[in-house]
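Inside the fold
Letter by letter, the chains look like this.
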Amino acid sequence: MEKQIILLCLLLLCLNLFAAGCWDHIEIEELALVRTIAIDYLPGRRAPYLVTFAISLPSDVVGGEGGGGGAEPTQLFSGVGATLNLALRQASLNLSRRVFLSHAEVIVIGEEMAKHGLAHVFDFILRSPQIRLNSHLVFTKGLAQQILTTTERLEVGITEEIIGMIEQSRYLPETEPLPAYRFLQKVVTPGQEAYSALLLKSPPLEEVIPGLEAEQKPGGEEEGGGGGSGGSGQEGESSGGGEKAAEVLTMTGVAAFRDDKLAGLLDATETRGFQWFLGKTSRTYLAIPDPEQPEESITLLVSRVQAKIKPQIKNGQVSFSVEVITEGDIRSQTAASKLNTPEMINKINSANAAVIKKEMEKSLRKMQQLQVDLVGFGTILHRHEPKLFSRLQDNWSEQFSRLKVEIVVTSDVRRTGLQSNPARPRP
Amino acid sequence: MSKRQSRMLEKGKISPRQAGELLVIALNATSILLVPSFTVKQLGQNAWLAVLLGTLWGVVTLSLVYWLGRKHPGQTIFQYSQTLLGRWLGKAVGLVYIWNFLQVVAIVIREFGDFMTTSFMPNTPLSVFSLSLVFLAVWSVYAGLEVIARMNEFIIILVISSLYIILLLSLGNWDLGNLQPLFTVQFLPLLKTSLVPEVWAVDTVSFAVIMPFLTRPKQAFAVGTAATVFANGLVAVGILALLATFGPYFTVIPRFPILTFVRAINVARILSRFEVLVMVVWVAGVFIKTSYYLYCASLGLAQITDLREIRPVVLPLGIIAIVRSFSMYKNISELETAVSSTNPAILSLYFGIPLMLLLVTWFREKFAQG
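Quick summary incoming for the structure in this document. The numbers attached to residues start from 1 for each chain and follow its sequence in the written order. Going through the entries in the order they are written, you letter the chains from A and number the ligands from 1. Local features are withheld for residues below a pLDDT of 70 in this predicted model, meaning they are given only at 70 or higher, and side-chain atom pairs are given and counted only at 80 or more; totals for whole chains, interfaces and linings count all residues. Side-chain numbers here rest on the full set of heavy atoms in the structure, without hydrogens or water.

1. Points about helix 8 (residues 187–194) of chain B
Residue and element names in this part refer to chain B.
- Type-normalised accessible area, obtained with a 1.4 Å probe on protein chains alone, sets the label of each residue: buried when under 20%, exposed when over 50%, and partly exposed for intermediate values. For the purposes of this entry, the term helix denotes a DSSP run of H or I that reaches at least four residues, the term strand denotes a run of E that reaches at least two, and both are numbered from the N terminus. Taken residue by residue, helix 8 has Leu 190, Thr 193 and Ser 194 as its buried positions. Down the axis of helix 8, the buried side of the element spans an arc of 100 degrees, and every buried residue falls inside it. Those residues of helix 8 that are exposed and angled more than 90 degrees off the buried face are Leu 188 and Lys 192.
- We call two residues in contact whenever any of their non-hydrogen atoms come within 4.5 Å of each other. For helix 8, the elements touching its buried residues are helix 2 (16–43) and helix 3 (47–71). Summarising the geometry, the arc corresponds to the directions from the helix axis toward the C-beta atoms.

2. Focus: the interface of chain A and chain B
- Listed per partner, the contact involves 27 residues of chain A and 30 residues of chain B.
- Accessible surface is computed with a 1.4 Å probe, and the buried area is the amount of it that two parts give up when combined, taken over both parts together. Carbon and sulfur atoms supply 55% of the area that chain A and chain B bury against each other, a total of about 2,600 Å² over both sides.
- For this analysis, a salt bridge means a side-chain nitrogen from Lys or Arg found within 4 Å of a carboxyl oxygen belonging to Asp or Glu. Counting the contacts that link chain A with chain B gives one salt bridge.
- One salt bridge in this structure joins B:Glu275 and A:Arg132, with 3.2 Å as the shortest N-O distance.

3. Some words on empty space enclosed by the protein
- Lining residues are defined by having an atom within 4 Å of a point belonging to a cavity or pocket. Those points lie on a 1 Å grid over the protein atoms alone, cavities being sets where a 1.4 Å probe fits but cannot get out and pockets being open sets with protein on both sides within 12 Å along at least five of seven lines. Grid points are joined across faces, edges and corners, and a volume is the space filled by probe spheres set on the points. Counting across every chain of the model gives five cavities of 30 Å³ or more.
- Empty space within the largest cavity amounts to approximately 90 Å³.
- If you trace the largest cavity, you find 14 residues lining it, with A:Thr189, A:Thr379, A:Arg383, B:Pro248 and B:Tyr249 closest to the centre.
- The set of elements that each furnish at least two residues to the lining of the largest cavity consists of helix 13 (377–384) of chain A together with helix 10 (220–251) of chain B.

4. A word on the sheet that holds strand 12 (residues 297–314) of chain A
All names here are of chain A.
- Overall, mixed pairing links the four strands, which are arranged 11-12-13-14 in an open sheet. The two strands at the open ends of the sheet, each matched to only one other strand, are strand 11 (285–289) and strand 14 (404–415). Across the sheet, the axes of successive neighbouring strands diverge by a mean angle of 40 degrees, strand direction being ignored.
- For two strands to be treated as a pair, DSSP must find no fewer than two bridges joining them. Examined bridge by bridge, strand 13 (residues 317–333) and strand 14 share eleven bridges and lie parallel to one another. Bridge pairing links Thr 326 to Ser 411 in strand 14. The angle between two axes is taken between their N-to-C directions and runs from 0 to 180 degrees, where each axis is a line fitted to C-alpha atoms and a helix contributes only its stretch in contact.

5. Digging into the nonpolar core
All names here are of chain A.
- The nonpolar core is taken to be a set of buried Ala, Val, Leu, Ile, Met, Phe, Trp, Tyr and Cys residues, with the residues joined through side-chain atoms within 4.5 Å. Within the largest apolar cluster, 173 residues are counted, with the highest numbers of intra-cluster contacts made by Phe 53, Ile 109 and Phe 139.
- Discounting residues that sit within four places of it in the chain, Ile 109 has contacts with Ile 39, Ala 114, Leu 118, Val 121, Leu 137, Val 138, Phe 139, Thr 140 and Ala 144.
- Of all hydrophobic cores here, the second largest spans 47 residues; its members include Phe 277, Ile 288, Ile 348 and Leu 374.

6. With respect to the side chain of A:Glu327
All names here are of chain A.
- Tracing the backbone through its elements, the reader meets Glu 327 in strand 13.
- Two N or O atoms count as a polar contact when they lie within 3.5 Å, although within protein this holds only if one can serve as hydrogen donor and the other as acceptor, and sequence-adjacent residues are included solely when both atoms are side-chain atoms. At 3.2 Å, the side chain of Glu 327 forms a polar contact with the side chain of Arg 414.
- Setting aside residues up to four positions removed in sequence, Glu 327 forms contacts with Leu 301, Val 302, Ser 303, Arg 304, Asp 412 and Arg 414.

Structure (structure tokens):
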């Protein structure tokens, strides 16, 4: 009995050796927790890959605003190399800790990198046991590095700021950041192309709001369906500040890819346009012309969207019919029309359907022009007609650019808010 | 004589339920991690059909060894092969199975080590995993079948509930459209994939060894079938979940799709990083599977060499398995190719030899009557 107890104690002691984690143990104080990775490609160089990463210092994040003169919550490091791994290694020369990528939640990819093709980036992400595939991929114009040098405004650290925008984008169909695995899935699946959100640093207003001239004041009138309700709000705020406007990050639109190469950029309205096809536009605001006074607008909040895409084959010719069913509430109007009658609501419904259809058609034209099937018409065809699709698969991008798509939109305004009658002076 | 002998070698008894649980773990421990990758590579979105077909082959194997066990009550395959085929030929057949069980141990050890070094601990030498696993297994084989079965009773709760938690949490990532188009596969490739040992529930053959130690051997078939259907059903559901999340084109890209699948789980940014559950399934399951197969091999060797005890052969067999696990494959690609293919030798091992033994039994009975 005693012998057994001694043996047990010895065994427990031995277990201690293993509990520490063998060879791969590392203390958290020795780790540099990378939160955002920015990847750039510098064409024409022998070491073209530029990696910049933002490291959070855990104690500072926890400390929050308490410490006055402490270090910045985020520190940036960068390195260049012939491959991403070598670039990371070079960056490591500047660090006092070991680079640890498991906590990276955002990967920002620069314009040149996206144009060059993402094969190496994918390989890097998939092969490493550290990088997590549910971290989000976002793209930018110009260098990705400059996104990280932006000063954060609401959160502690630039990564938290970007993650906040990614979270927020669930309510904003004007942009769509995808986790890396979703993006990769779209790249490798035939009959659809990949896209992910575009993150811009202090973009000129006319880039965020289509149709807005540069000399017009912020908050001026919007055209057509009404553009980026997401990013534009912050602009007005910052322009009132001092002489030097603060840097602003704006997440708007998407970068569209053909295979793994950047094919073009879609602005906020075009992005929402293709999101209608996917039924992902609930909680969007739409401006529709007032049926009685066409120069005035009514704002609708779309509360529910259903989209059905069906392939139709006639004499070997493929076309698609798309049926979109929306429900919405009236949120405001610029005039003082009486909206609360069944006839008026019917008129609003048809105006709304026309606005949505126009937006979808515009987006479809843009996608067809870029030859990127972001909706995945090809995949839908594959699901319904596998044999037919296997013949078309090889040059699907080209087939897609000539595709006929019939769009039918049904709109149902359900509620008109707390206001029943317009508050207008009696005649 | 042989009856007495088997009782001497194994004093414990296990209930039919425990036997079924052992079979579930033997099947699921490795298949959940390895099967999705290559079946989807070969069959696309119809991979789960192969797993269902494999269940059928598993039950066929099971019914053969079950009837053999019923015809020779109280004997393991190592014993009745000697009664049927004569001393030396019978021992040869026994050796083939011992070698097979040992091979399974070696492959499992290697898979375990490779998985751990690839995904979690890249700097730790392979031998750390192999040695610790095998010494643990040797220790539990010393304790006997009953102890392994009882230990498995709580390990199976860990393993199966981990798998269920993973599946449940992943529901938010599912898109059932990825499973379409259904049934677009030809029969021959489907058949070929279903005959790969990992898909074909070959572990049912181990019932030929443990059946005499069941408290109610008559229930072996029912329990074995239930276990096979449950285990392979879980793998099929796992494949469906993977396909629904990733689609057939992305599923084949990661080395261990189920790990990538678990890493993609992120429920409201709070519930994420469940890799540890994959570790639980893998470490606990592999430990039981290694112990179980090492036990089968050791018992077999002890029986065909007419030993009075199982102990002397356990450690040597464990060491052979370790050495074999290192020398068998040079790199992970060789291992992957071997695990995802089938060959006629496997067909004879899990179908041919049991069928032959059954036929010999049947002829003998006829002959004795006539």
